[in-house]
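Breakdown of the fold
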Amino acid sequence: MDLSACETGQIHEGKPYRRGEEQEKAQREGQEVARANHVRSVELVAVFTSAIAFAFGSLQVTLTNSFPLRDRLALIGAWGASHVLFALLVVGGTWLITRPRR
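1. Points about the packing of helix 2 (residues 19-64) against helix 3 (residues 69-98)
Packing of helix 2 against helix 3 brings their axes to within 10 Å, and their N-to-C directions diverge by 170 degrees. The angle between helix 2 and helix 3 places the two elements in the roughly antiparallel class. Looking at the contact of helix 2 with helix 3, its residues break down into 15 nonpolar, eight polar and three charged.

As structure tokens, this is what we get:
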């Protein structure tokens, strides 16, 4: 069979052959997957950065022994809450900016 006949939109096995439409659909799907992977990467970096900063900040507060235990626990709790808020803001902001607009 002559492929050039199929590429011009002629009938192939009883159906019109539309190779260009299939390629465009596959390209759009590939672009969407790439965009979603990029967004996930940014979200993961934000969450892990916040977790690392929390760990180092908690160690610094805990190891100085300049505050009573209750105050150190309160500082660590506030520090952790601020990092959770930061991670949520980054993930939510990334989603808001990169969501599909249809």
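Right, picking up where we left off after that structure.
2. Let's talk about helix 3
Given a rise of 1.5 Å per residue, 30 residues ought to cover 44 Å, and the 43 Å separating the end C-alpha atoms of helix 3 matches this to within 8%. Where helix 3 is buried, its residues meet helix 2.

3. Description of the confidence of the model for the protein
Counting all residues, the mean pLDDT for the protein is 77, and 80% of those residues have values of 70 or more. Averaged pLDDT values over the elements of the protein bottom out at 50 in helix 1 (residues 3-7) and peak at 84 in helix 3.

Conventions we followed
Residues numbered from 1 in each chain as written. Predicted model: local features only at pLDDT ≥ 70, side-chain atom pairs only at ≥ 80, totals over all residues. Heavy atoms only, no water. Axes fitted to C-alpha atoms, helices over the stretch in contact; angles between N-to-C directions. Helix = DSSP H or I, 4+ residues; strand = E, 2+ residues; numbered from the N terminus. Parallel < 35°, antiparallel > 145°, perpendicular 65-115°, else oblique. Nonpolar A, V, L, I, M, F, W, Y, C, P; charged D, E, K, R; others polar. Expected span 1.5 Å × (residues − 1). Contact = heavy atoms within 4.5 Å. pLDDT = per-residue confidence, 0-100.

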